[in-house]
Amino acid sequence: MQDVFSRVSLLRRPRILSRAARLGARNYSRKRDLRRILGYGEVPRPAAAVMRLLELEETLNTARKTGEAGYSMIRHVDVLIALAGETGFLRSGAHTKTAAP
């Protein structure tokens, strides 16, 4: 099984989707955006959020490739933005708690 970072780095999407996600990730707010994308309730930890976002993105990408009528490019970009933001958050280690000295 691949780790989270490998799965994200292996994503190959059209340039316009990737660029929009990179630009949108600058303004990503975990509290605001993740709840909207994953549904209301408790915000999951970053690793769990990335896994859920990867599943959502895979479904959206399949819908894009097959030309499904219900496909939303806006939703797809939102998920990619959240995926980039959560991966960055996970990579930075900002979510880990450190013990007091």
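All values derive from a computational prediction rather than experimental measurement.

## A word on a positive patch on the surface
Here comes step 1: A cluster of basic side chains, namely R15, R19, R22 and R26, defines a positive patch on the protein surface.
Here comes step 2: Positionally, R22 belongs in helix 2 (residues 15–25).
Here comes step 3: The class for R22 is exposed, based on a relative accessible area of 53%.

## Re the environment of H76
Here comes step 1: Considering the arrangement of structural elements, one finds H76 in helix 5 (residues 73–92).
Here comes step 2: Exposure remark for H76: the relative accessible area of 0% places this residue in the buried category.
Here comes step 3: Note: C-alpha distance between H76 and L56 (20 residues apart in sequence) is 8.7 Å.
Here comes step 4: Residues in contact with H76, not counting those within four places in the same chain, are L17, E57, L60, N61, R64 and Y71.
Here comes step 5: Here the side chain of H76 touches E57 through a polar contact of 2.8 Å, side chain to side chain.

## Observations regarding the nonpolar core
Here comes step 1: L34, I37 and L53 are the most contacted members of the largest nonpolar core, which has 21 residues in total.
Here comes step 2: Elements that contribute at least two residues to this core include exactly helix 2, helix 3 (30–38), helix 4 (46–66) and helix 5.
Here comes step 3: For this core, the element with the highest residue contribution is helix 5, accounting for 7 residues.
Here comes step 4: For I37, the contacting residues outside a window of four places in its chain are L53, L56, R75, D78, V79 and A82.

## Remarks on the packing of helix 3 against helix 5
Here comes step 1: Look at helix 3 against helix 5: their axes get within 10 Å of each other, and the N-to-C directions meet at 135°. Judged by the angle between their axes, helix 3 and helix 5 are oblique. Handedness of the crossing formed by helix 3 with helix 5: left-handed. Touching R30, L34, R36 and I37 of helix 3 are R75, D78, V79, A82, E86 and F89, all from helix 5.
Here comes step 2: When its residues are assigned to classes, the contact of helix 3 with helix 5 shows 5 nonpolar, no polar and 5 charged.

Rules behind the numbers
- Along each chain, residue indices are assigned from 1 in the same order as the chain's sequence is written.
- Per-residue local features of the predicted model are confined to residues with pLDDT of at least 70, and side-chain atom pairs are confined, for both listing and counting, to 80 or more; whole-chain, interface and lining totals are unaffected and use all residues.
- Excluding hydrogens and water, the side-chain figures rest on all heavy atoms present in the structure.
- Two distance rules govern patches: like charges are joined within 9 Å, and nonpolar side chains (Val, Leu, Ile, Met, Phe, Trp, Tyr) within 5 Å, applied only to residues with over 30% relative accessible area and no salt bridge.
- Throughout, the Shrake-Rupley method with a 1.4 Å probe supplies accessible areas, and for residues the shown protein chains are the sole cover considered.
- We count a salt bridge whenever a side-chain nitrogen from Lys or Arg sits within 4 Å of a carboxyl oxygen from Asp or Glu.
- His is not counted, nor are the chain ends; Lys and Arg add positive charge and Asp and Glu add negative charge.
- A charged residue contributes its charge at one atom only: NZ of Lys, CZ of Arg, CG of Asp or CD of Glu.
- By definition, any uninterrupted DSSP run of H or I lasting at least four residues is a helix, any uninterrupted run of E lasting at least two residues is a strand, and each is numbered from the N terminus.
- Any residue under 20% of the maximum accessible area for its type is buried, any over 50% is exposed, and the rest in between are partly exposed; the area is computed with a 1.4 Å probe on protein chains only.
- What makes two residues a contact is simply this: any of their non-hydrogen atoms within 4.5 Å.
- We call two N or O atoms a polar contact when they sit within 3.5 Å, provided that within protein one can donate a hydrogen and the other can accept it, with sequence-adjacent residues counted only if both atoms are side-chain atoms.
- To qualify as a nonpolar core, a set must consist of buried Ala, Val, Leu, Ile, Met, Phe, Trp, Tyr and Cys residues joined through side-chain atoms within 4.5 Å.
- For helices, the axis comes from a line fit to the C-alpha atoms of the stretch in contact; other axes are also lines fit to C-alpha atoms, and the angle between any two N-to-C directions lies between 0 and 180 degrees.
- An angle below 35 degrees is read as roughly parallel, one above 145 as roughly antiparallel, one from 65 to 115 as roughly perpendicular, and any other as oblique.
- In this scheme the handedness of a crossing depends on how the near helix is turned from the far one: anticlockwise by less than a right angle means left-handed, clockwise means right-handed.
- Each residue gets one of three labels, nonpolar for Ala, Val, Leu, Ile, Met, Phe, Trp, Tyr, Cys and Pro, charged for Asp, Glu, Lys and Arg, and polar for the others, Gly among them.

Geometric descriptors of this kind do not, in isolation, establish any biological role.
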